[in-house]
Amino acid sequence: MAMRTLIKDGTVVTAVDTYLADVWIENGVITALTHPSQRPLLGNADRTIDAAGKYVLPGGIDGHTHLDMPFGGTTSSDDFETGTIAAAHGGTTTIVDFAIQTKGHALREGLDTWHKKAEGKAAIDYGFHMITTDVNDSTLVEMGQLVSEGVTSFKLFMAYPGVLYVDDGQIFRAMQRARDLGGLICMHAENGIALDVLIAQALERGETAPKFHSLTRPQIAEAEGTHRALCLAEMAGAPVYIVHLSAPRALDKVLEARDRGMPAFAETCPQYLFCSFDDLARDDFEGAKYVCTPPLRPKEMQADLWRGLKTNDLQVVSTDHCPFCFKGQKDLGRESFAKIPNGMPGIETRLYLLWDGGVRTGRISLNRFVEITSTAPAKIFGLYPHKGTIAVGADADLLVWDGDKEHTLDHANMHMRVDYSPYEGKTVRGAPTHVLSRGRVVVEDGKFLGKAGDGRFVKRSTFALK
Ligand code: URP
Ligand code: ZN
Ligand code: ZN
């Protein structure tokens, strides 16, 4: 007989509704949402979780992670086991990670490699985007195969010349193909070719400290890349999703395109909302902990991103989790900021930060919190309606969330495999007491009860938003 779980007396929050309800779960799926007064009519549960005074939220969906990724002369420090366990602790129940095509090799080869990295290790459900570094006739054919296997989005880079960079012709061809397949192009939008000139000139002047990572990547380069990506997408008649948007001038470009009715979407990340150039400028190479791309911007730019989240000019907050240890990895760039592996840890801290700094401060509503962390990424990336909401028939990926519970974001208090926290010493309020992945309690009161390997690969649908 199927195990029946009841989450009783919680306040259910979706992107649109907030109401008191019991949530009934069987076979990993939500089977009923009922008013607590109806409970005597519904029989017994095998397990009951008391959510009185707490919220019941859809599990977080992080559409931008880099687990076990070779990059910058090293490999991101979380693999699919440590990374997904950390994600679960922080209330994220699904990730979409980036598989990489090595230049000169097939997409298939890259995707198979990432399937092997995740299988038997992931503790929560996962999907893949495909980083496409070589757009040619055979890659374009392969894109169709990948879409049919549920890998429906492709990330292209205008940055990192010689590594991940593709030129405008390749971008345009991939966009046309994505349009025909119902795929989505995710764009790293920075003018990498011009930035490499600025970087070389800075290094010639002896400007080697971490802060020059930001000073050689001005926001205009991101605005230009964003505008170019939007223009190419418009010419191709394809939807486009701008990843890790950090700069107000880039946001202006997205806003303009959306106002013209384009299917243009953008995400920002917690590091752009909660960290700034001041962190990157820290002494004693400490700034290296904050090297990510696009770079952290002056603090005053954060307000524009918060406004964008509120007004839906930005649709999603994902993490761009790409952790490197300070000792032994970030160290590679002691002599030159250009050699510091790019990326910051964040898979575990996203919901804490957005609740404390977004909902509790009144910058965003409860429902908007759910929308930007779960519902919108589910819809944009083809996971909806199985994931991203609380509804009968949806996967029981759920959080029981205590809006007042204190949590300190020290690295010693967290589960990411990295030797520092960007938020060392910061105490936030709001944390999950229970995290459910397809009906199984995987975290309870800070204890991991799940199992590596229990996460399933999720085949995502084609792009369906307008
Ligand atoms: O610094 C970052 N963002 N590292 C990960 C690679 C990327 O561009 O997303
Ligand atoms: Zn990127
Ligand atoms: Zn990334």
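Quick look at the structure, then.

Basis of the calculations
- Residues numbered from 1 in each chain as written.
- Chains lettered and ligands numbered in written order.
- Predicted model: local features only at pLDDT ≥ 70, side-chain atom pairs only at ≥ 80, totals over all residues.
- Heavy atoms only, no water.
- Donors = N, O, S within 2.8 Å, 3.2 Å for Na, K, Ca; no water.
- Helix = DSSP H or I, 4+ residues; strand = E, 2+ residues; numbered from the N terminus.
- Buried < 20%, exposed > 50% of the residue type's maximum accessible area, 1.4 Å probe, protein only.
- Tetrahedral: all angles 85-135°; square planar, octahedral: opposite > 155°, others 65-115°.
- Pairing = 2+ DSSP bridges.
- Contact = heavy atoms within 4.5 Å.
- Axes fitted to C-alpha atoms, helices over the stretch in contact; angles between N-to-C directions.
- Polar contact = N/O pair within 3.5 Å; in protein donor to acceptor, adjacent residues only side chain to side chain.
- Phe/Tyr/Trp six-rings, centres within 6.5 Å; stacked < 30°, edge-to-face > 60°.
- Lys NZ or Arg CZ within 6 Å of the ring centre and 35° of its normal.

Time to look at the coordination of the zinc ion (ligand 2). Coordination of the zinc ion (ligand 2) by the protein involves Lys 155 (NZ), His 188 (ND1) and His 244 (NE2), with metal-donor separations of 2.1 to 2.2 Å. Between consecutive donors of the zinc ion (ligand 2), the numbers of intervening residues give the motif K-x32-H-x55-H. Here the zinc ion (ligand 3) and the zinc ion (ligand 2) are spaced 4.0 Å from one another. In this pair, Lys 155 sits in strand S11 (residues 153–157) while His 188 sits in strand S12 (residues 184–188), placing the two residues 33 residues apart along the sequence. Taking the relative accessible area as the measure of exposure, Lys 155 reaches 1% and is therefore buried.

A word on unusual backbone geometry. In this chain, Thr 293 is followed by Pro 294 through a cis amide linkage whose omega measures -5°. The omega torsion across Tyr 384 and Pro 385 is 5°, close enough to zero to call that bond cis. Summarising the element assignment, Pro 385 is placed in the loop between helix H13 (366–380) and strand S16 (398–408). Of note in this structure, Asp 284 is not a glycine but carries a positive phi near 55°. Relative to the helices and strands, Asp 284 resides in the loop between helix H10 (277–280) and helix H11 (302–311). At Asp 445, a position not held by glycine, the phi torsion is positive, near 45°. The topology assignment puts Asp 445 in the loop between strand S18 (440–444) and strand S19 (447–448). Among the residues examined, Asp 445 registers a relative accessible area of 53% and is labelled exposed.

Coordination sphere of the zinc ion (ligand 3), protein contribution only: His 64 (NE2), His 66 (NE2) and Asp 320 (OD), at 1.9 to 2.2 Å. Geometry at the zinc ion (ligand 3) is tetrahedral, judged from the four donor atoms that bind it and their angles of 87 to 135° at the metal. Of note, the zinc ion (ligand 3) draws all its donor residues from one chain, in the sequence arrangement H-x1-H-x253-D. Look at His 64 and you get buried, because its relative accessible area is 0%. Its relative accessible area of 7% is what places Asp 320 among the buried residues.

Strands sit in the order S6-S9-S10-S11-S12-S13-S14-S15 across an open sheet of eight strands; the sheet is parallel. The two strands at the open ends of the sheet, each matched to only one other strand, are strand S6 (60–65) and strand S15 (316–317). Alignment of strand S13 (residues 240–242) against strand S14 (residues 264–268), held across three bridges, turns out to be parallel. Looking at S14, one finds that Ile 242 is bridged to Ala 266. Where helix H7 (residues 219–236) meets the sheet, it contacts S12, S13 and S14, and its direction lies at approximately 170° from that of S13.

Glancing now at the side chain of His 129. Inspection of the secondary structure assignment puts His 129 in strand S10 (residues 125–131). By relative accessible area, which is 0% here, His 129 ends up buried. Among the polar contacts made by the side chain of His 129, one reaches the side chain of Ser 153 at a distance of 2.6 Å. Filtering out sequence-adjacent residues up to four positions away, His 129 remains in contact with Gly 63, Val 96, Asp 97, Phe 98, Ala 99, Val 151, Ser 153, Cys 186, Phe 381 and Arg 460.

With that out of the way, let us pick up the packing of aromatic side chains. This model, assessed by the stated rule, comprises 15 aromatic pairs. Both rings, one in Phe 285 and one in Phe 326, keep their centres 5.9 Å apart while their planes meet at 35°; by these two values the pair is tilted. Note that Phe 285 is positioned in the loop between H10 and H11 and Phe 326 in the loop between S15 and helix H12 (350–359), a separation of 41 residues in sequence. With respect to class, Phe 285 is no different from Phe 326; both count as buried. Following the ring pairs from residue to residue traces out a cluster consisting of Tyr 55, Trp 355, Phe 369 and Trp 401. A cation over a ring is seen here: Lys 155 above Phe 98, with NZ or CZ 5.2 Å from the ring centre. When the ring centre of Tyr 384 is taken as origin, the NZ or CZ atom of Lys 379, which lies over that ring, is 4.8 Å away.

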